[in-house]
Structures are given as structure tokens and as C-alpha cells.
Amino acid sequence: MSIPISELIERFQKDLDATTQKGHPEPTAMTLSTVNENGFPSSRVVLLKAFDERGFVFYTNLTSRKSREIQNNPQVCINFMWHNISKQIRVEGRAEQVSDQEADAYFATRAKQSQIGAWASKQSTEIEQKMDFKKRVVKYGLKFATSKVPRPDFWSGFRIVPSKIEFWQKRDFRLHERQVFTPDTSVNWNEVRLYP
Ligand SMILES: Cc1cc2nc3c(=O)[nH]c(=O)nc-3n(C[C@H](O)[C@H](O)[C@H](O)COP(=O)(O)O)c2cc1C
């Protein structure tokens, strides 16, 4: 079976709506896996902030461990676990930094305190003195007290351009369904089913 990516994105949207309506506390949370230069994987949760036929977008500090690993090897994997609708969705693909305009537009929608937090956090580096982080929050709070907070140049987003999407659906007696989609042409994706 061959279907356009637009249908896969619609299907993802439908599942996201379903888990949200059923009260998932953090439906856009996804586990993002990256690998370091020695091939060691690491995973952490980030929030999905946008998605469409081009891919799945999250935002972060560009000096963080995940960003450094992506800069070294852009092949990543994200995973959504939606217990309340018994679904798992896995996306493999290539992470590409979003444009400055796109990052600026998203940053502008964040609460001012979160914008200040982005300036204050040297994400994934050691806090030398316990109070250092709080001091930095105060410092940037004062700096931007009477002005808009610009997006730091060390903070942006990545779009994961998918090369494989797997929908996993729980079924009785562990006879689960797995549908895996990979692109064949620029518009159509092929489906294969895997044993669970
Ligand atoms: C529910 C949840 C949502 C999170 N969302 C983000 C996010 O969108 N961006 C981000 O940089 N970190 C987010 N974090 C923090 C990351 O999991 C992680 O601790 C941090 O980004 C540092 O990861 P790294 O050292 O691997 O780069 C979130 C954590 C949780 C538990």
C-alpha cells in the first residue's frame, strides 16, 4: 500500500487529538534519542511544538548535550507513548535546525518568565554554586524588566524530517499491530506490517 505523507500526518493528528481528549497529561511529550561520537545513545523527553508534512519540531538550547550530539550526527529518533489510547508512535529521521524566523516566532509566544529562563539556563552544563542558576534568572529578569525578551542566539528548534514512521497499536493477547511507513517517492510512502 502506498499513501501520501499528508495522510500519515493526518493520522498522527487524529491520534494526538484522541489521547489529548482522553486526558493524557502531556500528550506532546516525546522521547528524543540521539547518539554521541562514540555511538552511545542517550534519550530525554522534549515537547513537540509543531508538525506538518515537513516534520516534527521541538525547541532547545543549542549548546545542550542533545544539540551537540545532533550537530555531530543528525540521525535521531522520537517516540510517543500514549497509554490511554494504547498507541506508540516512533519516528526516525534527520534533525535540521529551523530558520531564525521560525524560532523567533515560536520564542515570542512563550511566557516572559520562560523566555528569561532560556537566557539563564546554560543547559546541560554543571552548576558550580547552588545559587548560580537563581542569580542568573534574577540577572536576566532585571536586564529585560522593561523590554521584550529577544531570542538568545544559542536557543532554537530542530525539525525532525522523517524517514520512517511506525504506528503501534495494542491488541488483545499481545497480537499488536505494527505498521511501518517509509518514503518511496517524494510524495508517497510505502506501508509494511511487522510481527509484534
Ligand atoms: C515533560 C518534559 C518536557 C520537556 N521539554 C523539553 C523541551 O521541549 N526542550 C528541552 O530542551 N528540554 C525539555 N525537557 C528537559 C529535557 O528532558 C532534558 O532534561 C534537557 O533538555 C537536557 O537534555 P540534554 O542534556 O540531553 O541536552 C523536558 C523534560 C520533561 C520531563
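Residues numbered from 1 in each chain as written. Predicted model: local features only at pLDDT ≥ 70, side-chain atom pairs only at ≥ 80, totals over all residues. Heavy atoms only, no water.

Requested: an account of the site of the ligand, with residues and values cited.
Taken together, the neighbourhood of the ligand is formed by Arg 44, Val 45, Val 46, Leu 47, Tyr 59, Thr 60, Ser 64, Arg 65, Lys 66, Gln 123 and Ser 124. Interatomic distance of 2.6 Å between a side-chain N/O atom of Thr 60 and an oxygen atom of the ligand. Contacts to the ligand include Gln 123, whose side-chain N or O atom sits 3.0 Å from an oxygen atom. When isolated, the ligand has an accessible area of 620 Å², and the protein chains bury 63% of it. Looking at the shell around the ligand, the elements that each hand over two or more residues are β3 (41–47), β5 (55–61) and α2 (65–72). If one sorts the elements of the shell around the ligand by residue count, β3 sits on top with four residues. Its residues placed into classes, the shell around the ligand shows four nonpolar, four polar and three charged. (Near = heavy atom within 4 Å. Polar contact = N/O pair within 3.5 Å; in protein donor to acceptor, adjacent residues only side chain to side chain. Areas by Shrake-Rupley, 256 points an atom, 1.4 Å probe, with all protein chains shown as cover. Helix = DSSP H or I, 4+ residues; strand = E, 2+ residues; numbered from the N terminus. Nonpolar A, V, L, I, M, F, W, Y, C, P; charged D, E, K, R; others polar.)

Any chance you could break down the UniProt feature "domain: Pyridoxamine 5'-phosphate oxidase N-terminal" (unreviewed entry) in the protein for me, citing the residues and the numbers?
The UniProt record marks residues 23–130 with the feature "domain: Pyridoxamine 5'-phosphate oxidase N-terminal" (unreviewed entry), using the residue numbering of this structure. When the span residues 23–130 is considered, its composition is 25% helix and 40% strand, and the gap between its end C-alpha atoms is 36 Å. (UniProt positions renumbered as here; feature names shortened; annotations may be inferred.)

So what about helix α1 (residues 5–21)? Which residues, and what values?
In a regular helix each residue adds 1.5 Å, so 17 residues correspond to 24 Å; α1 covers 24 Å between its end C-alpha atoms and thus fits that length. Every buried residue of α1 is accounted for by Ile 5, Leu 8, Ile 9, Phe 12, Asp 15, Leu 16 and Thr 19. Buried residues along α1 cover an arc of 120 degrees about the axis, so they all sit on one side. Facing away from the buried side of α1 by more than 90 degrees, the exposed set consists of Glu 10, Lys 14 and Gln 21. (Expected span 1.5 Å × (residues − 1). Buried < 20%, exposed > 50% of the residue type's maximum accessible area, 1.4 Å probe, protein only. Arc of directions from axis to C-beta.)

Can you lay out the layout of surface pockets for me, pointing to particular residues and giving the numbers?
Reported here for the largest pocket is a volume of approximately 270 Å³. In terms of lining, the largest pocket is formed by 17 residues, of which the most central are Tyr 59, Thr 60, Arg 110, Gln 123 and Trp 155. It is β5 that contributes the most residues to the lining of the largest pocket, four residues altogether. Looking at side-chain class alone, the lining of the largest pocket contains eight nonpolar, six polar and three charged residues. Here the second largest pocket is characterised by a volume of approximately 200 Å³. Its residues placed into classes, the lining of the second largest pocket shows three nonpolar, four polar and five charged. (1 Å grid on protein atoms, 1.4 Å probe; cavity = no way out; pocket = protein on both sides within 12 Å on 5 of 7 lines; lining within 4 Å. Points joined across faces, edges and corners; volume = space filled by probe spheres on them.)

I'd like a rundown of the pattern of salt bridges, residues and numbers included.
According to the stated counting rule, one finds twelve salt bridges in the structure shown. One salt bridge connects Arg 94 with Glu 96, and the closest N-O pair in it is separated by 4.0 Å. For Glu 96, a relative accessible area of 40% corresponds to the partly exposed category. Two residues, Glu 191 and Arg 193, come together in a salt bridge whose shortest N-O distance is 3.3 Å. (Salt bridge = Lys/Arg side-chain N within 4 Å of Asp/Glu carboxyl O.)

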